[in-house]
Structure formats: structure tokens, C-alpha cells
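# Inside the fold
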Amino acid sequence: MAEGRSRLTRRAFLTLSALAAVEAACRPSLSLFRPSDEILDPFQYYPSRDWERLYRDLYRYDSTFHFLCAPNDTHNCLLKAYVKNNVIVRIGPSFGYGRATDLYGNAASARWDPRCCNKGLALLRRIYGPRRCRQPMVRRGFKEWVERGFPRDAAGRPPRELFQRGKDEWVQVSWEEAFDLAARALLNIAKTYTGEHGARLLRAQGYDEAMIEAMKGSGTQTLKFRGGMPLLGTVRIMALYRLANALALLDAKLRNVGPDQALGGRGWDSYSWHTDLPPGHPMVTGQQTVEFDLCDAENARMVICWGMNWISTKMPDAHWLTEARLKGTKIVAVTVEYSSTCSKADEVVIIRPGTDAALALGIAHVLIKEKLYDEEFVKCFTDLPLLVRMDTLGHLKASDIIPNYRPAPLQNNVKIVKPGEDAPPPIRQEAQYISEELRQEWGDFTVWDAKAGKPAVVTRDEVGEHFKRKGVDPALEGEFEVQLVDGRRVRVRPVFDLIKQYVFDTFDPDSVSKLTWAPKEAILNLAREIARFRGSTLVAVGMGPNHFFNNDLKDRAIFLVCALTRNVGVHGGNIGSYAGNYRSALFNGNPQFIAENPFDIELDPTKPARTKSYYKMESAHYFNYGDRPLRIGNKLFTGKTHLPTPTKVMWFANSNSILGNIKWHYDVVVNTLPKVEMIVVQDWWWTASCEYADVVFPVDSWAEFKYPDMTASVTNPFLQVFPRTGLPRLHNTRSDIEVCAGVSRRLAELTGDRRFADYWKFVEEGKVEVYLQRILNASTTTRGYRIEELEAKAKEGIPALILTRTYPKIMGWEHTNESKPWYTKTGRLEYYRPEPEFIEYGEAIPVYREPV
Ligand code: SF4
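Residues numbered from 1 in each chain as written. Predicted model: local features only at pLDDT ≥ 70, side-chain atom pairs only at ≥ 80, totals over all residues. Heavy atoms only, no water.

## Here we look at the overall build of the chain
Helix and strand counts for the chain stand at 34 helices and 28 strands. Looking at the chain as a whole, 59% of its 852 residues qualify as buried. Within the chain, residue pairs in contact and separated by at least 24 positions form 72% of the contacts whose partners lie at least 6 positions apart. Total accessible area on the chain is roughly 35800 Å²; 53% of this is exposed by carbon and sulfur atoms. Charged side chains of the chain number 113 positive and 104 negative; the gap between the two group centres comes to 3 Å. (Helix = DSSP H or I, 4+ residues; strand = E, 2+ residues; numbered from the N terminus. Buried < 20%, exposed > 50% of the residue type's maximum accessible area, 1.4 Å probe, protein only. Contact = heavy atoms within 4.5 Å. Areas by Shrake-Rupley, 256 points an atom, 1.4 Å probe, with all protein chains shown as cover. Lys, Arg positive; Asp, Glu negative; His and termini not counted. Charge placed at Lys NZ, Arg CZ, Asp CG, Glu CD.)

Given below as C-alpha cells:
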């Protein structure tokens, strides 16, 4: 037996042991590859997953709240903040837009959600950012100037060494001290420049005499306030204009005058100075700006983004454009550079900067030459058929050819205000109100009736269907001779004929191509496509071209193209310009707040305020232009109604554009700012404006609001409320409206006039809703809404629909669809401007000027 057995050597034993160990080690692993019947959910059998908790905790939150993101991008989005340990950890959309309704039950669609953009999602970096304004700050030199009793030289100038803005140190002060310093400076500056003594000082400082005259002896007229971007806060930002209005109390005291003569401060605009205003819009329509909600792209067959980078700048509404394109809408970009919008366009027309009007006139040339224009629209809704006298270049009026002519009584959506009467407040206006004086001045107009072979009278009422019913066939072309009431014979031509000659003489496609650098084929193609999509082409115009001196001509020429192709006031066929703040008019009851009569304050929260405007609006253009009017040689181009006054205080909220990133910044800082004696900034982010200020009031970010507010937009149909939030204030900040109330309270103490404090009673009592409700009650587009209900919805992330006539809202709908007159002398879209300055400068019709 022993012989028969193999002999196990040590080497063989070790080898066999190793093999057995490997086999044993492999056995369980290999078994994993066998199908298992008994383990249905492998995750149940996964080893400990506790480590995942750490990862998941990053996304866990304790609570949420909604707040309104509303920078000056005009969109406004209710956002949802996710909070952990009292800190916002992330932000997302509210998904409440699809649940928005109006008072009648009309509802928005779910396609509005999600509404936000990457900037909104990253906003917590700003809310918790390192440059938050954390406490009231005063510049050391300014503080010393106030504490030393406002020393001045013989011309009234403060000591230069105390006004080293941008280089000086900052001193942290309490809120009460900051209020005191600002209020005392307001008093001193207003007093210094009041009366003849003040005028002498200003003369010695070199101000234009016309500016000094415009003050009418009131030192408060040197105090300038800018609620920067006013629509973004109907009370907290507009509070600055209310403060300007209250300063009439100070003027009454300083000049010893009554409420009938007192003057408040001045309010700087946020629209025309920013070149947000497209000046040609009021020239053609009488309306400050014409536009359409961007979701109207749904209804268009062609959208032209003209100088407007829709995709990048209209972030939460970019999807309307891309979705329209998916459904077959043609997208064209007219632009000076390649942009994200170009990447979404079917056609891109790149032009030389500032030549927009030339391109539009070239398109008009093709439309007229190829008879592609809509003759009926042109005859019924525009002034193009109206006759112009070749001797005076004025309109041929009915009174020129009919002895003892008396203007016809007007009835089409219009009311005439007799001398001594006032138009009712906006909420009770159901028609256009025109003073008797203007009615008489405008008179009635004429066309050449091709059927009768003689002139026919056209009144302002006779637009659209009303004109059609008249049975007159107005000639668009030709030159005619008429006999005036004094027996003279003069030549007359329709406006259309004048424009036709101009574009035929000058703007053939070859010439336009040379001027604009756009290919000739692109010009021809664009004209033919607009004509093909008549009544269904939207032209969204950007504000970039407004920065050129020829900006009004650009609008007038593009409007001409739109009118030739019935693309005005139709769903899917309109013109629009997008900046935003002109839509403060959506709250046309705002005077209830900003213009409450400070001499007659309503302290009963259930009653409306009585209003009187003591503050005067002034364009910030003049300040930005060296604080002077436009005077060249001996000629003063600035009209009397627009004359600026010297700027001694500038006070602004929520905007960096009037100083930090102002145009011509170097000139403003070096040459203009030294003439200003107090600069007050209210902001939540330490901007370049703060660097050059004297007093900085730190205010709440949108996520920390303790007072509700409201806003709306030009690009979407939502009435939005900034809800109060439960997030504790991160720093020693207050609401903008509390800043105005605090300074006013101090003015009451310093002057002994209690009305300064009463003017802000409902702020001090924490009931700012009283002011908001007064605005809602008095605004045409919001009457019927209750602020408490709006705020409760906003807290859930749901806005309301604003009560405009159509949804989507489009300007011009009533004029084109209901034959109501435009807000012009003729009641029509006006392409001819007979006013002397237009004739003198050769711009009575839309022409092209090189940009300057
Ligand atoms: S689109 Fe404008 S309002 Fe909306 S989240 Fe972005 S930054 Fe805020």
C-alpha cells in the first residue's frame, strides 16, 4: 500500500494548497455571475449606503419661499428659494406662471413655465455676495462739511478739499445719523440757492442763464431725484419722486409762498436719457412706444429681430421665438454683428451701424416700385394720402380752401375739454381727451378725391372703416392745383407722393446696398417677404440704434415699412421697441402715490389721495452733457418746457447707470460732479456709483423684502408683486421706501413741519399696502385687484394677468381693428411732420442721415 501511494512532496503540497486557496477565493465571485432567483432588488443587499447621506444632504432643505427677481431686464420672474439652516442653498423657477389668471378667469398657459434664466438661478451669489452694502456709509469729507456748518466760498462753492470723491475715506454711521446728515444737506442746499441771492451764486458759478431762470427762484429745483428704473418698484423706487414732491413744503417755507406757487424737486427720467425711448414712435403714433408681448411670435409668419438680440437679452421669452420657428415662422435678423439670435435665424442681414433708416427706405422703395404695398391700409389708417402745400410745406387744411370753415365736431373715441375744465383722472377716461384750444389749432385735413377730381375734407374721426364709409378715393400720387380762400392758387401733393419721389431718387437697392453694406438681394428679398407676410410680420426693434442722433428717422422709416404692409396693431403683425420703463404707464394711477398733495395729505387708509404734482420731470441728458442745455453759439436748442436747472443734489436708487456706468463717464466725474454738493445712493450692491457718492444707504435685496411692492413688464402680460419674505435681513439694511420715510421724518424735526412725517405715515406703520391699493384702484389695467390677494398668490409663486385689452397685449390693436384714431393730430399714423423745426432741418418726411 505504501508503495502504491504517490509520494506527496513539500513542493507538491504547497502547489496544491495554493490552487485550493484560489479555487476557494474564486468560488463566491464566480457565483455572482450565476442568475439569482431569490434577490429581486439588488439595492436591498447593497452594503452600507450611509455615505450617500452626505451627498443627498447637499440638496435637502428646511423650507422654501418665493421672491421676485426684477432687474432692469424687463422680464420679472417669481423664483423659489430653497432654505437650509436659514441660508438660501439654491434657487429655482416657481412653476406658477401657468396658474396665473385675471379677474375674469382668463388663464395663462403652462407654456410660460419654467420662467427664469441662469442669472436668476445664480442670484444667491449676489444676495450673499461680498459687495453687499451692509450699513449706512458717509464720505468723511462730506460729513465734515455738514458738521462744520456747510462752509462755502464767495460763489457758494463748498471747499474743494472736502469733496475728494472716489479718493476719500468712508465712515460707518447709524441710520439716524445718516438721515440727519442727508436731511440737513437738503435744507442747506435748497436755502442757499433760493431767491435772487441763490441766482447770483449760480451765475458766479457759470450756469447758463436759461437754467437759472427755469428755477423760478426756488432752491428746491436744484434737488434731483431718480427712481431708477421706476417700473421696477411702484412704491419703493417711485418713493424718490414722492420725496421730490414733498419738497414743495420746503420751498413754501423758504420762499414764504403758498401751495399755489410752491415748487418741489426735480425727477430725472429713466427712459429718454437711457435712449430707451424710440423717438420716432411718438412722432408717428402719438404713443410713447408701440410694442407687443413677445409671446405674440406665436401668431406671426415672419419675425424680424431688427437690432435686437432676442435670444440673449429676452432670456425667459427666448423660447417663444424658437418655438415659433419650429412651427414654421420665418426668423430674420437685421444686425450689425453675428449674435445668438443670428444662429436661430433663417436669414441674417448684416448692416453698417446706424444705417437702419437707409435699409428701411430701401425696402420702402421696393414695396412702392413693385406695388407690393397695402393700398387700403395706407389710405384708411395713415396720413400718406393727406395733401401738403408746396408753398408753405404745411398741410392743406380745410380752412385753407373753404371760407369760414369751422372744424367738424369730433365723436370717434374722443372728448373735447372746454376751457376751464379738467380731464378726469385716467381711471375715468374712456376716450382720448383733447383741449378745445388744440382742436381748433389742428383743424381738419384734406385729400385729393380721385373720383371727384377735387380736394375732400378729412376729419380726425375719419380713420379705418369710418373713412371707407365716406366714399372718397384719395389719390396717393400726383401734383394738383387748388384755390385758396384768398383766391391764390397753390400746388399740393399727397405725402405718399413726396416720400415716393425721395425713395425713388435716392434709395434704389444698389445705392442702399452701398450705404448699408447689405447685399442687394437681401434688400429685395426682405421687402418681398414682408409684403408676402402682410399683416403677419412682427418687427422687434432693439434700442442700440437709439444711441445715434438719427434715431427718430430709423423709427419713422421702419414704421413706414410696417404701415405699407399692414403690419401695425395686428396679432402677429406689429412693430415693437423694448426697453421697459415707459410702461410705468401700466400703473397710470401711480400719481396717487408719487403726486399726493403734500399740503393736503389723506391719512385715512380707506380713502384715495388728493393729488397735485409739485415735482417736475427733467431729462438726465442735460446733466450728462455737462449740466447745461443744448446751446450752440447764440442759439438755444432746448425748448422752454425741457429746460434743466442746475444740479446740486443727485439722489438715486436701484441703478448704477446715472453715475457708475454713465456715458461720457470721465467727463462727468472730472468736470460735472464737482459742481454737485450731495450725491445719495440707495443700493444693495456696492457699485461704482457708491464709490463716487457722499451718502450710501444700504437696502434690502429682493429676497429680503419686508415691504411688498409691484411691477409689470412690456414683454409679458403679468402683474407681479414682490412678496414679503421670511428671510432675515443679512445686513443692517432697510427698504428703499424706509430710507425716504426716514429722511422725511428728520426733515419734519428740522423744519417743525409735521407734514413731512405724515406724508409717509403708512410706511412708518408698516402698512405700505395702503399706497399700493390706492395705485391699483386708480390704474386702468389693475382696478379690481386687491393687494393682499396678489401678495398671497405671489408668495406661492403665482402672478396675475394684467388687464390690458388683448392677451397677448399688442399696442395699436384698437386703432387697426376698431378704427379708433391714433393719438395724433390727424388721428392717423403720421409720416409727415409739418412743425417748423422738422421743415427747417429737412426732416418733414422720414429721411436718412449718417449717424453721429
Ligand atoms: S430673466 Fe431676468 S427676471 Fe427672470 S430670472 Fe433671469 S434675471 Fe431674473
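Read on for the rest.
## Here we look at the site of the ligand
In the vicinity of the ligand, the contacting residues are Cys69, Pro71, Asp73, His75, Asn76, Cys77, Cys116, Cys117, Gly120, Met315 and Pro316. A class-by-class count of the residues in the shell around the ligand yields seven nonpolar, three polar and one charged. (Near = heavy atom within 4 Å. Nonpolar A, V, L, I, M, F, W, Y, C, P; charged D, E, K, R; others polar.)

## Describing the state of the cysteines
What the rule picks out here adds up to zero disulfides. Looking at the unpaired Cys295, the closest cysteine sulfur is the one in Cys77, lying at 14 Å. With no disulfide partner, Cys342 has as its closest neighbouring cysteine sulfur the one in Cys305, 8.9 Å distant. For Cys342, a relative accessible area of 3% corresponds to the buried category. (Disulfide = S-S within 2.5 Å.)

## A short note on the sheet that holds strand β2 (residues 77-84)
Spatially, β1-β2-β3 is the arrangement adopted by the three strands of the open sheet, whose pairing is antiparallel. Of all strands in the sheet, those bounded by a partner on one side alone are β1 (63-69) and β3 (87-93). On average, adjacent strands in this sheet sit at an angle of 35° to one another, irrespective of strand direction. When β2 meets β3, the two strands line up antiparallel, connected through six bridges. What sits directly across from Leu79, in β3, is Pro93. (Pairing = 2+ DSSP bridges. Axes fitted to C-alpha atoms, helices over the stretch in contact; angles between N-to-C directions.)

## Looking at the domain arrangement of the chain
Bring the parts together and some accessible area is lost; that lost area is often taken as the interface size. You can read the domains of the chain as domain 1 (137-274 + 583-699 + 734-785) and domain 2 (284-407 + 443-578 + 821-852). For domain 1 versus domain 2, the distance between C-alpha centres works out to 40 Å. The partner domain 2 presents seven residues to the six residues of domain 1 that form the contact. Carbon and sulfur atoms supply 32% of the area buried between domain 1 and domain 2, which totals about 470 Å² over both sides. Together, Tyr271, Arg583 and Lys635 form the three largest contributors to the area buried by domain 1 at its contact with domain 2, with a combined 69%. For the pair domain 1 and domain 2, the interface holds one salt bridge. Close ionic contact of Lys635 with Glu840 constitutes a salt bridge, the shortest N to O distance being 3.6 Å. In this assembly, domain 1 and domain 2 are joined by zero residue pairs in polar contact (both at pLDDT 80 or more). (Domains from an automatic or database assignment. Buried area = accessible area lost by both parts, 1.4 Å probe. Salt bridge = Lys/Arg side-chain N within 4 Å of Asp/Glu carboxyl O. Polar contact = N/O pair within 3.5 Å; in protein donor to acceptor, adjacent residues only side chain to side chain.)

## What about helix α15 (residues 356-369)?
In this model α15 runs 20 Å from its N-terminal to its C-terminal C-alpha over 14 residues, within 8% of the 20 Å that 1.5 Å per residue would give. The buried count for α15 comes to 13 of 14 residues, which makes it a mostly enclosed element. Looking one or two places after α15, you find Lys371, whose phi comes out positive at around 50°. (Expected span 1.5 Å × (residues − 1).)

## A few points about the sheet that holds strand β9 (residues 330-335)
Strand-to-strand pairing in sheets goes through backbone hydrogen bonds, with the strands running parallel or antiparallel. The five strands are arranged β10-β9-β8-β18-β19 in an open sheet whose pairing can be described as parallel. Every interior strand has two partners, whereas the edge strands, β10 (347-350) and β19 (574-577), have only one. Neighbouring strand axes in the sheet, compared pairwise and without regard to direction, differ in orientation by 15° on average.

## What about the environment of Glu291?
Position of Glu291 among the secondary structure elements: in the loop between α11 (280-285) and β8 (302-306). Overall, Glu291 belongs to the buried group, its relative accessible area being 0%. In this structure the C-alpha to C-alpha distance between Glu291 and Ala585, which are 294 residues apart in sequence, comes to 13 Å.

## Comments concerning the side chain of Asp383
Of note, Asp383 is situated in the loop between α16 (375-381) and β11 (387-389). Among buried Asp, Glu, Lys and Arg side chains, Asp383 stands out as unpaired, with Arg833 the closest opposite charge at 6.3 Å. Within the structure, Asp383 has its side chain in polar contact with the backbone nitrogen of Tyr831 (distance 2.9 Å). Within the structure, Asp383 has its side chain in polar contact with the backbone nitrogen of Tyr832 (distance 2.9 Å). Setting aside its immediate chain neighbours within four residues, Asp383 contacts Val495, Thr826, Arg828, Leu829, Glu830, Tyr831 and Tyr832.

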